[in-house]
Amino acid sequence: MIAINYIFVNIHSNSTLNKLNYSQAIISLLSMAQKFTWLIAIFFLLYANSFLLRQRDRELGLYNMLGMTKGQLQLILTVQKIMLYLASSLGGLILGVTFVKLALMFLKSLLKIAQLKETFTFKTLGITLLSFGVIFLCLLVYDFWRLRKVKPALLWQQAFTAEKAPKANWFLGISGLIILASGYFIAIKTKANLAGFSNFMLAIALVVIGTYLVFIAGSISLLKLLQKNQHFYYQPQHFIAISGMLYRMKQNAAGLATICILCTAILVSLVSSISLVVGQQRLLNFWNPFDLMLTTSKPLNQNLLKQLAAKNQIKLEKQQQIKMTAPIVGSLDQRGNFKSGYNAKTSTTLLVLTVKTFNQIEGTNYHLKNNQVLLSVADKKVYPQLKIKQKNYQVIGYPTLQAGNVQHSIFQPVYVIAANTASAKQIGSSTWIYQNGINFKSSYQHGLNFTRQIQQQLKLDNGSVSNKQEMQHFLRVIFGGLLFVGCLVSLAMAITTALIIYYKQLSEGLADQQRFKKMQQVGLSYAESKKAIQSQVLLVFMLPIVGAIVHMAFALPAIISILKMFSLFDQGLLLKVCLLVIALLTAGYLMVYGLTTRIYQRYIIN
């Protein structure tokens, strides 16, 4: 955790990064990710510290029985915390300094920026040491509070105290299912509009709460139901596993739910960021079908264009000009009803051109009646009709129009091809604009100079101009930065998940050690012990990864809708990325469980 946080702090304060174009976007992402990983570190250290304290209750109780005072016990805890902090800091900073070069290489390959260089300052070391010093100090204060609250003489007895058999709380379980179902419903119904982000965040909150309730109440209910199934329960491996876990499930359920949430977070962050990086070329081609896109209020002055091209050593090639109505934002539902207006449900930008203009551009020969239209829709949806301004239009085709993303809108552009000028004005705005596409050959810098001079001469705002090379650089920086941050944050969550699994297996082994030893003394064989352990793992410990995959399946519609706001409409690509990430996470999860189960077996099987 210290190593990952140091990498974030180091790159965030990298002096060469500050000098790059669009560097502020990456720095903002790194800053948010750094705070998030720090919170993950706090959560994990609290979890690990609680586990270690529980295992040391017997030791502290023995010291107290031998005559040590609370002050002396506090001194022991203080010295050990300082030693742990120094050892963790030394190891973490060595790893961080070593692997920050690898992280920078990964970032450079994503951004394709050679100017990014590794830097080292003592300030970054100090910030990392100070932030984790605060965490360790808080842990020490918690240890003191716990020691003062509990009589140390009772800690010896507390270490051996078994938990009471938990009762199945059906109210809690049903409430959890309702909350979880509500989160799923909101995620499925999330649309690509302004309310999409807030709805998705609400769905996440409900799913987190529901997951904890379902795991805490549901896992106990599941074990009790299996216990009632005599054919299943009264088999050696199942009997041993269920009877043992049932008494600890109240404590285990929260840990299993945490593992499930962390696995889901890894899936969501990686699927989203990888999809954006893999699909950025398709997004670029959608936004910029030509090297330069200009939105003007009147036809482009060809003489001015040629003069500026000659001045900047630009070789002009293919051009395209589309006369269309000014964009109208609104919402378009499944039945084809369009309601104009800018609100939380706004998801569509509507633009209208005549069929004559479309035929000239695409070389087609469409003929339309006044009540007929063609629709060019990026996500390939089919609508039974188009109803706008209280009038119905028959949709007779869905041709493709390469017109770019007018004014860089976050809403999906829908191009309506109408029968004539009068119909176009009736459907859309009464104001006409010209969407110009220009292909040219030049160097990168000459192309930028050419673009800026055109923008200045025509007095266009930034939303009306789009240079393909500059846009490609921008998308590479933003999406590459997102993937870099997503990978490092996912690594932090994966480490936390793996170590929570490790601590759970370790605590299970310590708790079951005496129980299995007694059963082995009365005849439990090595093979039966191994079967019981495998049954325990399969019964409960596979639930988190199954739960994470179910969560991801319900989150996918919401992710698709949100990515549409980035003009990424390829659902097939997103599904492929999702299946790949799920396969990799499942493989890693099984590997961690395979390794940690050996630790458990080491305690149980002699």
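Residues numbered from 1 in each chain as written. Predicted model: local features only at pLDDT ≥ 70, side-chain atom pairs only at ≥ 80, totals over all residues. Heavy atoms only, no water.

**A look at the layout of surface pockets**
The condition that has to hold: Put simply, the grid is 1 Å and covers the protein atoms alone, a cavity is a trapped set of points that fit a 1.4 Å probe, a pocket is an open set with protein on both sides within 12 Å along at least five of seven lines, and lining residues have an atom within 4 Å of a point. Grid points are joined across faces, edges and corners, and a volume is the space filled by probe spheres set on the points. Secondary structure elements follow DSSP: runs of H or I of four or more residues count as helices, runs of E of two or more count as strands, with numbering from the N terminus. Three classes are used: nonpolar for Ala, Val, Leu, Ile, Met, Phe, Trp, Tyr, Cys and Pro, charged for Asp, Glu, Lys and Arg, and polar for all others, with Gly counted as polar.
Each pocket or cavity is described by its volume, and for the largest pocket that value is around 1400 Å³. Looking at the lining of the largest pocket element by element, the count peaks at 10 residues for helix α11 (residues 249–278). Of the residues belonging to the lining of the largest pocket, the class tally is 32 nonpolar, 8 polar and no charged.

**Observations concerning the pattern of salt bridges**
Convention followed: Salt-bridge detection follows one rule: a side-chain nitrogen of Lys or Arg within 4 Å of a carboxyl oxygen of Asp or Glu. Only protein chains enter the accessibility calculation, which uses a 1.4 Å probe. A residue is then buried if its area is under 20% of the maximum for its type, exposed if over 50%, and partly exposed in between.
As enumerated under the stated definition, the model contains 6 salt bridges in all. A salt bridge links Lys81 to Asp143; its shortest N-O distance comes to 2.7 Å. Here Asp143 lies in helix α5 (residues 122–149) and Lys81 lies in helix α4 (residues 70–111), a separation of 62 residues in the sequence. This pair shows no difference in class: Lys81 is buried, exactly as Asp143 is.

**Let's talk about the pairing of strand β1 (residues 292–296)**
Let me state the cut-off plainly: The rule for pairing is simple: two strands pair if DSSP sees at least two bridges between them.
By the criterion of burial, β1 is predominantly enclosed, with 5 of the 5 residues buried. In β1, alternate side chains face the same way, and those of Leu292, Leu294 and Thr296 on one face and Met293 and Thr295 on the other are all buried. As paired strands, β1 and strand β10 (residues 432–441) are joined by 5 bridges and run antiparallel to one another. Bridge pairing in β10 links Leu292 to Ile438. Of the strand pairs in this sheet, β1 and strand β11 (residues 465–467) are connected by 3 bridges, and their pairing is antiparallel.

**Comments concerning the packing of aromatic side chains**
Which entries qualify depends on this criterion: Note on aromatic pairs: the rings of Phe, Tyr and Trp (six-membered ring only in Trp) are paired at centre separations within 6.5 Å, and the planes decide the class, stacked below 30 degrees, edge-to-face beyond 60, tilted for the rest. Here, over-ring charges are defined by two tests on the NZ atom of lysine or the CZ atom of arginine: distance to the ring centre within 6 Å, and angle to the ring normal within 35 degrees.
Applying the stated criterion to the full structure yields 9 aromatic pairs. Pairing Tyr184 with Phe554 gives two aromatic rings, centres 3.9 Å apart and planes at 10°, and the pair type is stacked. In this pair, Tyr184 sits in helix α7 (residues 170–189) while Phe554 sits in helix α19 (residues 543–564), placing the two residues 370 residues apart along the sequence. Since its relative accessible area comes to 11%, Tyr184 is described here as buried. A connected cluster of aromatic rings, assembled from ring pairs, spans Phe44, Tyr502 and Tyr503. Just above the ring of Trp432 sits the side chain of Lys323; from NZ or CZ to the centre is 4.9 Å.

**Some words on the sheet that holds strand β4 (residues 338–340)**
We apply this condition: Between N-to-C directions, angles cover 0 to 180 degrees, with each direction set by a line fitted to C-alpha atoms, over the stretch in contact for helices. We call two residues in contact when some of their heavy atoms are within 4.5 Å.
Spatially, 7 strands are ordered β4-β3-β5-β9-β6-β8-β7 in an open sheet, and the strand pairing comes out mixed. In this open sheet, the two edge strands, each paired with only one partner strand, are β4 and β7 (386–388). Averaged over all neighbouring strand pairs, the angle between strand axes comes to 40°, with direction disregarded. The pairing of strand β3 (residues 328–332) with β4 spans 3 bridges and is classified as antiparallel. From the neighbouring strand, Leu332 faces β4, where its bridge partner is Phe338. Across the sheet, helix α14 (residues 355–362) touches β5 (348–354) and β9 (412–418), and the angle it forms with β5 is around 85°.

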